[in-house]
Amino acid sequence: MPEFVAQSSLTARGDAKRPRRSLFFKYFATLFVAAVVPLILGAVIEASFGYRDQRRHISEVLQSEARGAAGRIEAFTDEISDQLGWVVQFPWAQGDDDRHRVDALRLLQQVPAIVSVSLLDETGTERVFVSRLRLNRTGRGIDLSADPAVIGARANKVWYGPVQYQHESEPYMRIAVTGNLPAAGIAIAEVNLKLIWDVIAAIRIGQTGYAMIVDDSGQLIAHPDISLVLRGRTGSIDFGRIKYLVGTTSRGAVITGDKGNPVVALSVHAADIGWTVIAMQPIVEAFAPIRAALWRSSLLIALGVLIAIALAYWRAHRMSGPIKQLEEGVERIGTGHFDHRIGISSRDELEQLAIRFNEMASELAISQQKTVRIDRLKQFLAPQVAELVEHSAELLEAQRREVVVVFGDLRGFTAFSARAEPDAIMAVLREYYAAVGAVTTRYEATLIRFAGDGVMLLVNAPVACDKPANHAVQLAIDLQVAVQSIAGKWCAAGHAIGFGVGIAMGTATVGTVGYEGRLDYTALGNVVNLASRLCGLAKDAQILTDRVVAEKVKDAVPLVSIGKHVIKGYDQPLEMFAVAQGNLPLTRPDSGLRRLEIETL
Amino acid sequence: MKRRDFIRLVAGAMAFPVIARAQEARKIYRIFWISTGSEPDPFLDGFRDGLRSLGYVEGKNVVLEKHYGNPSALRQVISQLRRGDVDLAVSSGPATRAMATVKDIPVLFALSGDPVALGVVKSLAQPGTNFTGSTFLSLELAGKRVELLKDICPRIRRLAVLSNTDHPGEPSEWRATQQTCAGLDIVPTYVPFSGAGELDNALEVAGDSDADAMLVFPDVVTMVDRAKLAEFALAHRLPSMFGWSEYCEAGGLLSYGANQRATYRWLANYADRILRGEDPAVLPVIRPEKFELVINLKTARLLGVELDTSSILFRANKVIS
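Within every chain, residues take consecutive numbers counted from 1 along the sequence as written. Ligands are numbered from 1 and chains lettered from A, in the order in which they are written. For this predicted model, a pLDDT threshold of at least 70 governs which residues receive local features, and a threshold of 80 or more governs which side-chain atom pairs are given and counted, while totals over whole chains, interfaces and linings are taken from all residues. Side-chain metrics rest on all non-hydrogen atoms present in the structure, leaving aside hydrogens and water.

A.B. asks: Help me out: how do you make sense of the overall build of chain A in this one?
C.D. replies: Regarding its fold elements, chain A presents 17 helices and 20 strands. Projecting the C-alpha coordinates of chain A onto the three principal axes gives extents of approximately 195 × 45 × 45 Å. Type-normalised accessible area, obtained with a 1.4 Å probe on protein chains alone, sets the label of each residue: buried when under 20%, exposed when over 50%, and partly exposed for intermediate values. Residues counted as buried form 47% of the 601 residues belonging to chain A. Contacts are residue-level and defined by heavy atoms, with any inter-residue pair within 4.5 Å sufficient. Across chain A, contacts joining residues at least 24 apart in sequence account for 60% of those joining residues at least 6 apart. Using a 1.4 Å probe, accessible areas were evaluated by the Shrake-Rupley method; residue-level cover was limited to the displayed protein chains. Of the accessible surface of chain A, which amounts to about 29,500 Å², a share of 57% is contributed by carbon and sulfur atoms. Averaged over its 63 positive side-chain charges, chain A has a centre that lies 3 Å from the centre of its 64 negative ones. Strands are runs of DSSP state E lasting at least two residues, helices are runs of H or I lasting at least four, and both sets are numbered from the N terminus onward. Only four residue types enter the charge count: Lys and Arg as positive, Asp and Glu as negative, with His and the chain ends excluded. The location of each charge is read from NZ of Lys, CZ of Arg, CG of Asp or CD of Glu.

A.B. asks: Explain the packing of helix α7 (residues 138–152) of chain B against helix α8 (residues 170–183) of chain B to me, please; I cannot follow it from the model alone.
C.D. replies: What describes two packed helices is the angle between their axes and the distance between those same axes. All names here are of chain B. Structural elements are reduced to axes, namely lines fitted to C-alpha atoms, with helices fitted over the stretch in contact, and the angle between N-to-C directions of any two is expressed from 0 to 180 degrees. Close contact between α7 and α8 brings their axes to 8 Å; oriented N to C, the two are set at 30 degrees. Classified by the angle their axes make, α7 and α8 are roughly parallel. Crossing of α7 against α8: the hand is right-handed. Here α7 contributes S138, L139, A142, G143, R145 and V146 to the contact with α8, which in turn contributes S172, E173, A176, T177, T180 and C181. A breakdown of the residues in the contact of α7 with α8 according to their chemical character gives five nonpolar, five polar and two charged. Oblique is the label for every angle not falling under 35 degrees (roughly parallel), over 145 degrees (roughly antiparallel), or within 65 to 115 degrees (roughly perpendicular). Note on convention: the crossing is left-handed when the near helix lies turned anticlockwise from the far helix by less than a right angle, right-handed when the turn is clockwise. Asp, Glu, Lys and Arg are counted as charged, while Ala, Val, Leu, Ile, Met, Phe, Trp, Tyr, Cys and Pro are counted as nonpolar; the rest, among them Gly, fall into the polar class.

A.B. asks: Got a minute to help me understand the environment of G141 of chain A in this structure?
C.D. replies: All names here are of chain A. Mapped onto the elements of the fold, G141 is located in the loop between β3 (137–138) and α4 (148–156). Residue G141 is classed as partly exposed on the basis of its relative accessible area, which comes to 36%. Distance in space between the C-alpha atoms of G141 and G206 is 52 Å, their sequence separation being 65 residues. Ignoring sequence-local partners within four residues, the contact set of G141 consists of T125 and E126.

A.B. asks: Please clarify how the pattern of salt bridges should be interpreted in this entry.
C.D. replies: For side chains bearing opposite charge, pairing can occur when the charged atoms are close. Put simply, a salt bridge is a Lys or Arg side-chain nitrogen that is within 4 Å of an Asp or Glu carboxyl oxygen. Here the structure, examined in full by the defined rule, presents 34 salt bridges over all chains. Its salt-bridge partner being E551 of chain A, residue R547 of chain A comes within 3.2 Å of it at the nearest N-O pair. A residue pair is termed a helical-turn pair when its members lie 3 or 4 positions apart in one helix, as R547 of chain A and E551 of chain A do in helix α16 (residues 547–553) at four residues. For R547 of chain A, a relative accessible area of 41% gives the class partly exposed. The residue R315 of chain B makes a salt bridge to D151 of chain B at a minimum N-O spacing of 3.0 Å. One end of the pair, R315 of chain B, is in helix α15 (residues 312–315); the other, D151 of chain B, is in helix α7, with 164 residues separating them in the sequence. By relative accessible area, which is 8% here, R315 of chain B ends up buried. Taken together, the salt bridges that share partners define one network made up of E170 and K194 of chain A together with E140, R287 and E289 of chain B.

A.B. asks: Would you mind showing me how to read the packing of helix α3 (residues 42–53) of chain B against helix α13 (residues 260–275) of chain B here?
C.D. replies: All names here are of chain B. Orientation of α3 relative to α13, taken along the N-to-C sense of each, is 45 degrees, at an axis distance of 7 Å. When the axis of α3 is compared with that of α13, the two are oblique. Here the hand of the crossing between α3 and α13 comes out right-handed. Of the residues in α13, those in contact with P42, F43, D45, G46, F47, D49, G50, L51 and S53 of α3 are Q260, R261, Y264, R265, L267, A268 and A271. Looking at the contact of α3 with α13 residue by residue, the classes come out as eight nonpolar, four polar and four charged.

A.B. asks: Would you mind showing me how to read the packing of aromatic side chains here?
C.D. replies: Remark: the centre distance and the inter-plane angle together describe each pair of aromatic rings, the angle taken between the planes. Any two of the Phe, Tyr and Trp rings considered here, Trp counted by its six-membered ring, make a pair once their centres fall within 6.5 Å; the pair's planes then place it as stacked at under 30 degrees, edge-to-face at over 60, or tilted in between. The final tally for this structure, using the stated rule, is 17 aromatic pairs over all chains. With a centroid separation of 5.8 Å and 45 degrees between ring planes, the pair formed by Y432 of chain A and Y433 of chain A is classed as tilted. Residue classification places Y432 of chain A among the buried residues on the basis of a relative accessible area of 0%. Among the aromatic residues, those joined into a ring-pair cluster are W33, F43, F47, F242, W244, Y247 and Y264 of chain B. Its end group placed over the ring of F129 of chain A, R137 of chain A keeps NZ or CZ at 4.1 Å from the ring centre. Geometrically, a lysine NZ or arginine CZ counts as sitting over a ring once it is within 6 Å of the ring centre and also within 35 degrees of the ring normal. Geometry around W314 of chain A places R315 of chain A over its ring, the cationic atom sitting 5.2 Å from the centre.

A.B. asks: Would you take a moment to explain the sheet that holds strand β5 (residues 131–135) of chain B for this structure?
C.D. replies: As a general point, the strands of a sheet are linked pairwise by backbone hydrogen bonds and lie either parallel or antiparallel. Residue and element names in this part refer to chain B. The rule for pairing is simple: two strands pair if DSSP sees at least two bridges between them. Strand order in this open sheet of five strands is β2-β1-β3-β4-β5, and the pairing throughout is parallel. Sheet topology places β2 (62–68) and β5 at the edges, where each strand pairs with a single neighbour. Going across the sheet, the axis of each strand differs from the next one's by a mean of 20 degrees, ignoring polarity. The pairing of strand β1 (residues 29–35) with strand β3 (residues 88–92) spans four bridges and is classified as parallel. Across the sheet, I34 pairs through a bridge with S91, a residue of β3. Its contacts with the sheet place α3 against β1, β2 and β3, and it is angled at close to 170 degrees to β2.

A.B. asks: Help me understand the pairing of strand β8 (residues 213–216) of chain B, please; the structure alone is not making it clear to me.
C.D. replies: On a regular strand, one side chain projects to one face of the sheet and the next to the other, so that they alternate. Residues and elements named next belong to chain B. Neither face of β8 is exposed, since A213 and L215 on one face and M214 and V216 on the opposite face are all buried. Relative to β8, strand β6 (residues 158–164) runs parallel, the two sharing four bridges. Bridge pairing links L159 to A213 in β8. Relative to strand β9 (residues 240–242), β8 runs parallel, the two sharing two bridges. Bridge pairing in β9 places M214 opposite S240.

A.B. asks: How should the pairing of strand β1 (residues 114–120) of chain A be read in this particular structure?
C.D. replies: Residues and elements named next belong to chain A. Within β1, seven of the seven residues are buried, which leaves the element mostly enclosed by the surrounding structure. Two strands pair when backbone bridges link them, and β1 and strand β7 (residues 186–192) are joined in this way by six bridges, in the antiparallel orientation. Bridge pairing links S116 to E190 in β7. With five bridges joining them, β1 and strand β2 (residues 126–131) adopt antiparallel strand pairing. From the neighbouring strand, S118 faces β2, where its bridge partner is F129.

A.B. asks: Even after reading the chapter, I still don't get the interface of chain B and chain A, so can you show me in this structure?
C.D. replies: With 42 residues of chain B at the contact, the number on the chain A side is 40 residues. Between chain B and chain A, a total of about 3,500 Å² is buried, with carbon and sulfur atoms accounting for 60% of that surface. At the boundary of chain B and chain A, one finds three salt bridges. E170 of chain A is the partner of R287 of chain B in a salt bridge, and the nearest nitrogen-oxygen pair spans 2.9 Å. Pairs of N or O atoms are called polar contacts if they sit within 3.5 Å, as long as, within protein, a hydrogen donor faces a hydrogen acceptor (for residues adjacent in sequence, only side-chain-to-side-chain pairs). Applying the counting rule to chain B against chain A returns twelve residue pairs in polar contact (both at pLDDT 80 or more). Contributing elements (two or more residues each) for the side of chain B that touches chain A: α1 (3–14), α7, α13 and α15 of chain B. By residue number, the principal contributor to the side of chain B that touches chain A is α1 of chain B, which donates eight residues. In the side of chain B that touches chain A, the residues fall into 24 nonpolar, six polar and twelve charged. Buried area adds together the accessible area that both of two parts lose upon being put together, with accessible area traced by a 1.4 Å probe.

As structure tokens, this is what we get:
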């Protein structure tokens, strides 16, 4: 379960807000829609079409069974009326009763369902009565001319009476038939309807389907379970309701059957006798094929869901691993581990992404190293040089160019350092370097080196600047102001220290010089020596320049020539210039005195 | 397609058909067979036939506990019967009267008399008690039997009527017989007896009477001794009328009534339904719808009964020659 491990580690990092499992659910939803929805649709469509077909098929079966049953029942009653027709063929004659009696007895023998037969003459008077149960009668008997059977038979030749229940249990009906000759009289048979049970019980629709007969009033006449019939009118099942619900549709209806279970039922009406045959099949059996299909589909759907879950889990797992790696990798890189590499080999876009991340990390590492190096360099080199070292090293290559060299030097420092405590010396130097550094940075000059109390600055190399001479003079003035202001403090502390500056301009060889492990940027040439000499000649608070500088800045800064002096290394005495005192905003009141002191040192 | 139908369909389709029958078949049912007759018992054979055709196997899923004896002995047995001892009791004839006190065990009966009159059921359509079964319509057929006897032997004037008074419904059966006899100009001689023990005595009485025909009410006791009765009738040259075909097979001249064996076979149906949990109170009492007229030609010949002129032969359902 690496996924869950990932989740818990995330939680530990307090990053639980992100829903990690959503990937799984997204995949699942997609696969579900792709695989299970078509299955469900298929199942529903199959079920509905199957239902329609099965419904039609069942309707056909039920219809044919019900029709068959109705036909057999009509055959049953037709046979009885036909047989009755035989005993009303001859007219009644004197002394003929016995012949008619034998006819009636033979009829009983012929048709088991007939319980008794009455033979009436044309007046409607009973002449012969034979029965299976009661005693036979022969001879002129009761007048039945007002009996509905007689009236009905006279009207329609054949009359079917209503169903009646003997002992409130056994269904009976009377059938009356007249002969072709009115003189032949009328035969009335009492029929035990239990005997049509055979017709109904023989009907099997499928395994559990059956048929039943009800009359127009909804009374049960025949049912495979004869005991339901024998309950007569006391039965608890309302067959009239069933008959009503089934209706007369040829498609069959889904109703609650007499056993309380849902059934598909269809009815056929036997018009002659006014009975209805209802054929029914329990739904459980009728739609068993559809149920089987539904179960099959359900299984498929369940399988589909399982496959969707498995695939979704697998895909999500495949995704979450690399994503976790990416996430951890980015986090590590974010915390500065630029050497971290993300190892994903999924041969897809994720691997591509990891490669990009790795590339980014290495770029970041290089950039980081550069920055660190520059920062380090800046501590030792002039910031400009340090930048150039990294970015445009060619500028540092040896070349000849016009530069302005500025030398500065403390006056009286040697004496001071000889008698002062090391702490005081270092404190003075620290303040001095800080002041020089601040001005150098402000003027973006290149600080070549500090050497004890001396400092060498370069203007216009390696970075070129506009009007380097003016720039250098302004720098020197600011340098004087800055150092003089702290020198005042030193004097107040009893240390007589002054500061002089020399500036020279000319062509020099500039570039880096050194060996592997130590590089210096430096300038070589007469101009450097000249600046150094000028510095050496300069008095406290004085700025000396050569002629070149003086020429360049004469319009901006007033310079005063202080005559020609012989300078070591030069054959001819060189004219030197000093920045006019007015341009040096020296505010120290005792500067003149101090200057004297320093000069005498 | 109506939506309601479809919902019903789905509901019905998802419901597994319950297979309860197979589990029920594991149980061994105990059926109490109680009769005033004795073995061999043709009624029991019919009932067993019925059970067999319904898939019951004796000793495997059904046990028949048979109790034979006179009514007082049976009462003794019945008084010791407790609920739960048996699943169902089946009784015939006088034994049903003895069973009448049993209220908590389903009882199936086969009666020739009227069970409503006996008080074991409230109506034929709806018994409403722990009793149900079959009635043979003996009472209704009593007159018919005399009529048929008169049809075959129009000359008979005096009729000996053998009747087991233990039999429920016996007085009304006798009354119906008397009425018919009066209509047919026959003088009946009532020969009552109580149980198998008094039968020989009764036959002596009947033999001493100057009867020219004999009518025997159908009953378990006379059924057991049917051969003896048939022999007696033949010895005294009496045309005899019985209730069931078995009497004719044993040598009686005529019988008219329902087929006993078929009725008992059929009773097994009800036994099955009650064992499967149906309430006897709502199972209607069955009445036979088929009656068989049986004639023994051999006996007729021995008695010299002229059959050609009567309509009896074509009316007979079964002719024994």
